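In case you want the letters, here they are:
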Amino acid sequence: MAIFNNRSSSSSGESPHQKDPEMYGKSEYTTGTTSAPVVDENGVAIHTDNHHLHRGLKSRHITMIAIGGAIGTGLIIGTGKALAQSGPASILIAYTSVGFLVYIVMTALGEMAAWIPHGSGFAGYATRFCDPALGFALGWTYWCKYIITTPNQLTASALIIQEWVDAKKVNPGIWILIFLVVICAINYFGIKFFGELEFWLSSFKVVTIVGVILLSFILAVGGGPGDATGFKYYRKPGAFKPYIAKGDAGKFYGFWSSLVNAVFAYLGTELIGVTVGEAQNPRKTIPRAIKLTFYRILFFYCLSVFFLGMLVPYDSKELAFASSARTGAAASPFVVAIKLAGIKALPDILNACILLFTFSASNSDLYIASRTIYGLAEEGHAPKIFRWTDKRGVPVPALAISALFCCTAFMNAADDSKTVFGYFVNLTTIFGLLSWISLLVSHIWFVRARRAQGITNDQLAYVAPFGLWGSIIALFFCCLIALTKNFNVFTRGKYGAFDYKNFVTGYLGIPVYLICIFGYKFFMKSKGVKPHEADFYTGKDEIDREEEAFLAHQAEKRLAEGGKNGGSWFYRTFVSWLF
């Protein structure tokens, strides 16, 4: 057991950004200190000051939490609505385009996270490199997103169970309560238990999606009970479906609506940035997770929607029913494809898979909510009590307040729960887009600041491949989608009236976000961070020493094992990228 000498990089009067970067990473060990972190048998620093998260997430945990957060009902269910509104070619182009946009957001986040993988997460980067007001707004809107998303997933789970148990026999609120208690317990047991459970749940998601893709391919080429479909639905009823209007304008509206649906499906990919404070060897695991997650999501989403467009015509009556069902196997376009192919029994199996999808999503969403408010407390944007952690590194007060707000799911036990579910989805999308926008702005300021202070690319653990201009272009499209995401409310509404309910839920996040920014600036008198004054080094020395100790332990372990890598060559080359 070793103990670190936990020096603060701001202990001297010298400005942090003027310090020599070479001094960081020097490992210093002392004995007899009780406030410094202890290195456990796995080489991981364990803090005892009740203010630190513990780095209990392994590389495989990080990558699977990321993939599990992004692959869910948005793919297995949401693609049905997109296909019915837009047509097969529209959804293929839209999901591929948004996938590329997500990649830029993730690489921008990865560059900042690999430099200083601190527990304050998103809000910390915005506060440190751009403006404390932006950090305040980003942190609180992101927390709002997840205290909305978690009840949303709990509601989805209750609605799925209604496929087997009628709501008149068992009130949906009972199922919501059971799932809420279980996910609270999982999060309370500590990060190692949470990470291991999420790894296996997310692995099950991956297996399910791979199975769906393989089944779709077999049906498309004629390997099922029916004939091969090929691209016949691209010809009739067509590749692009007009939406709202007729002709080319209607086809464009259909494409744009599928772009918005794709954004909702990809939301959650950025949650890698929240895990950096609990990641082992984060400067290696975070960039690797970003690269692998991008390839896997693009692979899963693009192949799924490609085959879906070959199997189900957009004017199918069964697809129209699926779009109105909201959740459960009945709402899945892949179940429609299975029914059209004449295969029985699979819908119930897929329904059970979807239930596990929503349970896993609610579990990880509660985790993200608790770590987000912990990060806000770290930056001084939330009460200090939420910064307190127990001996396992669990921010118990942050978890408790997040779980308390998740009780809003009980509102959905009413008969109109499906309508409330739709409004929650609307709110989630705008909050998610605002978080992407904030991350891109933070990265733009980060690049400007590091250039002003002479920090070159070769000093970084990871560099975003599209750099500053990639973030600027992505920022433009994110803003455009955020402003036009509910364009249909301006063109038509129920009975020809203005659809004010979807307008409010679709755009409510924007004024909340702006009020947070300008309200903070007004009351706290904060100013933007100038490039030459941005703080790149405070706290970095502690993370460097943790990383050095972990790498030294891993080197000793490999030496003891004869320098062998785990797993066979075939597994590492062809299978491990999935898991």
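Residues numbered from 1 in each chain as written. Predicted model: local features only at pLDDT ≥ 70, side-chain atom pairs only at ≥ 80, totals over all residues. Heavy atoms only, no water.

Moving on, we get to helix H5 (residues 121–129). Most of H5 sits inside the fold, with nine of its nine residues counted as buried. Within H5, burial applies to Gly121, Phe122, Ala123, Gly124, Tyr125, Ala126, Thr127, Arg128 and Phe129. (Buried < 20%, exposed > 50% of the residue type's maximum accessible area, 1.4 Å probe, protein only. Helix = DSSP H or I, 4+ residues; strand = E, 2+ residues; numbered from the N terminus.)

Counting residues in hydrophobic clusters, the biggest one holds 160 residues, and the most contacted among them are Ile76, Tyr95, Trp436 and Phe536. Of all the elements, helix H4 (residues 88–115) adds the most residues to this core, at 16 residues. Once you skip the residues sitting within four places of it in the chain, Phe536 turns out to touch Trp115, Arg128, Phe129, Phe446, Ala449, Arg450, Gln453 and Ile455. (Core = buried A, V, L, I, M, F, W, Y, C linked by side-chain atoms within 4.5 Å. Contact = heavy atoms within 4.5 Å.)

Across the interface, helix H6 (residues 132–161) lies against helix H7 (residues 172–188) with an axial gap of 9 Å and an inter-helix angle of 130°. Compared by their axis directions, H6 and H7 come out oblique. Classified by chirality, the crossing of H7 by H6 is right-handed. Contacts between H6 and H7 involve Thr150, Leu154, Ser157, Ala158 and Ile161 from the former and Pro172, Trp175, Ile176, Phe179, Leu180 and Ile183 from the latter. The residue inventory of the contact of H6 with H7, partitioned by class, reads nine nonpolar, two polar and no charged. (Axes fitted to C-alpha atoms, helices over the stretch in contact; angles between N-to-C directions. Parallel < 35°, antiparallel > 145°, perpendicular 65-115°, else oblique. Left-handed = near helix turned anticlockwise from the far one by under 90°. Nonpolar A, V, L, I, M, F, W, Y, C, P; charged D, E, K, R; others polar.)

Another aspect to go through is the pattern of salt bridges. Taken as a whole and assessed by the stated rule, the structure comprises nine salt bridges. Close ionic contact of Glu111 with Arg450 constitutes a salt bridge, the shortest N to O distance being 3.0 Å. Taken together, the positions of Glu111 in helix H4 and Arg450 in helix H17 (residues 417–452) put the pair 339 residues apart, joining distant regions of the chain. With a relative accessible area of 1%, Glu111 lands in the buried category. (Salt bridge = Lys/Arg side-chain N within 4 Å of Asp/Glu carboxyl O.)

Attention shifts here to the packing of aromatic side chains. All told, the structure shown has 32 aromatic pairs when counted by the stated rule. Residues Tyr253 and Phe487 carry aromatic rings whose centres are separated by 5.8 Å and whose planes lie at 35° to one another, so their mutual orientation is tilted. Here Tyr253 is found in helix H10 (residues 247–266), whereas its partner Phe487 is found in the loop between helix H18 (467–484) and helix H19 (500–507), with 234 residues between them in sequence. Tyr253 sits in the partly exposed class, given a relative accessible area of 30%. Using a relative accessible area of 14% as the deciding quantity, one classes Phe487 as buried. In textbook terms, an aromatic cluster arises when at least three aromatic residues are bridged by ring pairs, as seen for Trp115, Phe129, Phe446, Phe536 and Tyr537. The side chain of Lys525 reaches across the aromatic face of Phe522, ending 4.9 Å from its centre. Over the aromatic face of Trp115 sits the side chain of Lys540, whose NZ or CZ is 4.7 Å from the ring centroid. (Phe/Tyr/Trp six-rings, centres within 6.5 Å; stacked < 30°, edge-to-face > 60°. Lys NZ or Arg CZ within 6 Å of the ring centre and 35° of its normal.)

On average, residues of the protein chain carry a pLDDT of 80, and 82% of them reach 70 or more. Low pLDDT (under 50) marks residues 1–35, which in the prediction has 72 contacts with non-local residues, meaning those over four places away or in another chain. (pLDDT = per-residue confidence, 0-100.)

The full count for this structure, using the stated rule, is zero disulfides. In this structure Cys184 is not part of a disulfide, and its nearest cysteine sulfur, from Cys406, lies 7.0 Å away. Classification of Cys184 by relative accessible area gives partly exposed; the value is 21%. (Disulfide = S-S within 2.5 Å.)

This part covers the environment of Phe410. With respect to the helices, strands and loops of the structure, Phe410 is situated in the loop between helix H16 (396–405) and H17. When its relative accessible area of 31% is taken as the criterion, Phe410 is described as partly exposed. Expressed as a C-alpha distance, the spacing of Phe410 and Thr155, which sit 255 residues apart in the sequence, is 8.2 Å.

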